[in-house]
Every structure is written in C-alpha cells, then in structure tokens.
Amino acid sequence: MSGVERSSPRVYNVVEVDCRTLDETATPVVARMSDLSLTGAFLDCISGLRPGTRVALRFRVGEQDVEATAEVVHQMPQFGMGVRFLDLSPEGRAAIEALLREPA
C-alpha cells in the first residue's frame with residue numbers, strides 16, 4: 001500500500017497464526033502472518049474480519065511462542081487484514097525486537 005506511514009518498522013515473518021475472535025462465538029479464522037512489527041501485523045486470510053473486531057492471536061517469533069490480543073484496523077477482502085496489538089507480553093515484545101534487529 002503506497003502512501004501509508006508506519007509507526008513501527010516491519011519485518012517479514014511468515015508463520016501460521018492461531019486466530020480467534022474475542023466474542024461469545026470465539027470464531028476461528030484461518031490465517032498466516034506475512035509481516036510483523038512491535039505495533040501489529042498483517043494476516044493473510046480469505047475471510048477477513050471487519051475493522052474494530054478484536055482477536056486473540058498465537059504465533060511464533062523465532063523459538064518464542066507469542067500470545068497477543070489485537071484489533072482489526074484494516075481489511076482487504078480476499079487478501080487479509082491488518083491488526084494492531086492491544087496486549088503483547090514482555091517476552092513477545094522482546095522476541096519481535098530481536099527479530100527486527102536481525103540483518104535483512
């Protein structure tokens with residue numbers, strides 16, 4: 001997406017993601033992460049969710065299992081959705097910071 005200013009650097013981090021809505025249905029969403037930052041990620045998925053939907057995420061960064069809650073901030077039908085982290089553990093944050101420091 002051109003013209004979008006990022007508040008945090010992003011890195012390619014292609015991993016499977018366990019994604020479920022944070023509502024009474026806990027609907028699972030089949031998704032794969034394609035990029036990651038300290039503030040959020042882009043999830044590749046056919047059935048994206050509406051902006052404002054909150055989700056629980058589980059994914060790996062290197063050898064670290066990361067759990068986070070996030071909110072959908074952008075949806076691209078048939079491609080995926082951008083999420084902003086609302087809650088990220090200190091261990092998860094440290095793993096993402098380490099990944100961002102790795103040479104490209």
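(A) Structural context of the pairing of strand 5 (residues 64-76). Looking at chain direction, strand 4 (residues 54-61) and strand 5 are connected through 8 bridges and run antiparallel. From the neighbouring strand, Arg60 faces strand 5, where its bridge partner is Asp65. Count of turn residues in the strand 4/strand 5 antiparallel hairpin: 2 residues, of which Gly62 carries a positive phi of about 65°. Pairing analysis gives 8 bridges linking strand 5 to strand 6 (residues 80-88), with the strands arranged antiparallel. Along strand 6, the bridge assignment pairs Met76 with Gly80. The hairpin turn running from strand 5 into strand 6, its antiparallel successor, is 3 residues long, and Gln78 in that turn takes a positive phi close to 70°.

(B) Broad picture of the sheet that holds strand 4. Read around the closed barrel, 6 strands run 1-2-3-6-5-4, paired in antiparallel fashion. Taken pair by pair, the neighbouring strands of this sheet meet at an average axis angle of 40°, ignoring direction. Where strand 1 (residues 11-21) meets strand 2 (residues 28-36), 8 bridges bridge the pair, whose relative direction is antiparallel. Paired with Cys19 across the two strands is Val29, which belongs to strand 2. The sheet strands contacting helix 1 (residues 90-101) are strand 1, strand 2, strand 4, strand 5 and strand 6, and the helix crosses strand 6 at an angle near 125°.

(C) Structural detail: the environment of Glu67. When you line up the elements, Glu67 lands in strand 5. We classify Glu67 as exposed; its relative accessible area is 55%. Residues Glu67 and Cys19, 48 residues apart in the sequence, show an inter-C-alpha distance of 10 Å. Not counting residues within four places of it along the chain, the set of residues in contact with Glu67 comprises Leu57, Arg58, Asp87, Leu88 and Ser89.

(D) Representation of unusual backbone geometry in the model. In this model, Ala26 sits at a positive phi of 45°, which is unusual for a non-glycine residue. Topologically, Ala26 is positioned in the loop between strand 1 and strand 2. Look at Gln78: it is not a glycine, yet its phi comes out positive at around 70°. The topology assignment puts Gln78 in the loop between strand 5 and strand 6. Gln78 gets classed as exposed once you look at its relative accessible area, which sits at 54%.

(E) Main features of the nonpolar core. In this structure, Leu36, Leu43, Leu57, Phe59, Met81 and Phe85 are the most contacted members of the largest nonpolar core, which totals 27 residues. Looking at this core, the elements that each hand over two or more residues are strand 1, strand 2, strand 3 (40-44), strand 4, strand 5, strand 6 and helix 1. Aside from chain neighbours lying at most four places away, what touches Leu57 is Val17, Asp18, Cys19, Leu43, Val66, Glu67, Ala68, Ala70, Val83 and Phe85.

The rules behind each value
- Residues numbered from 1 in each chain as written.
- Predicted model: local features only at pLDDT ≥ 70, side-chain atom pairs only at ≥ 80, totals over all residues.
- Heavy atoms only, no water.
- Pairing = 2+ DSSP bridges.
- Helix = DSSP H or I, 4+ residues; strand = E, 2+ residues; numbered from the N terminus.
- Axes fitted to C-alpha atoms, helices over the stretch in contact; angles between N-to-C directions.
- Contact = heavy atoms within 4.5 Å.
- Buried < 20%, exposed > 50% of the residue type's maximum accessible area, 1.4 Å probe, protein only.
- Core = buried A, V, L, I, M, F, W, Y, C linked by side-chain atoms within 4.5 Å.

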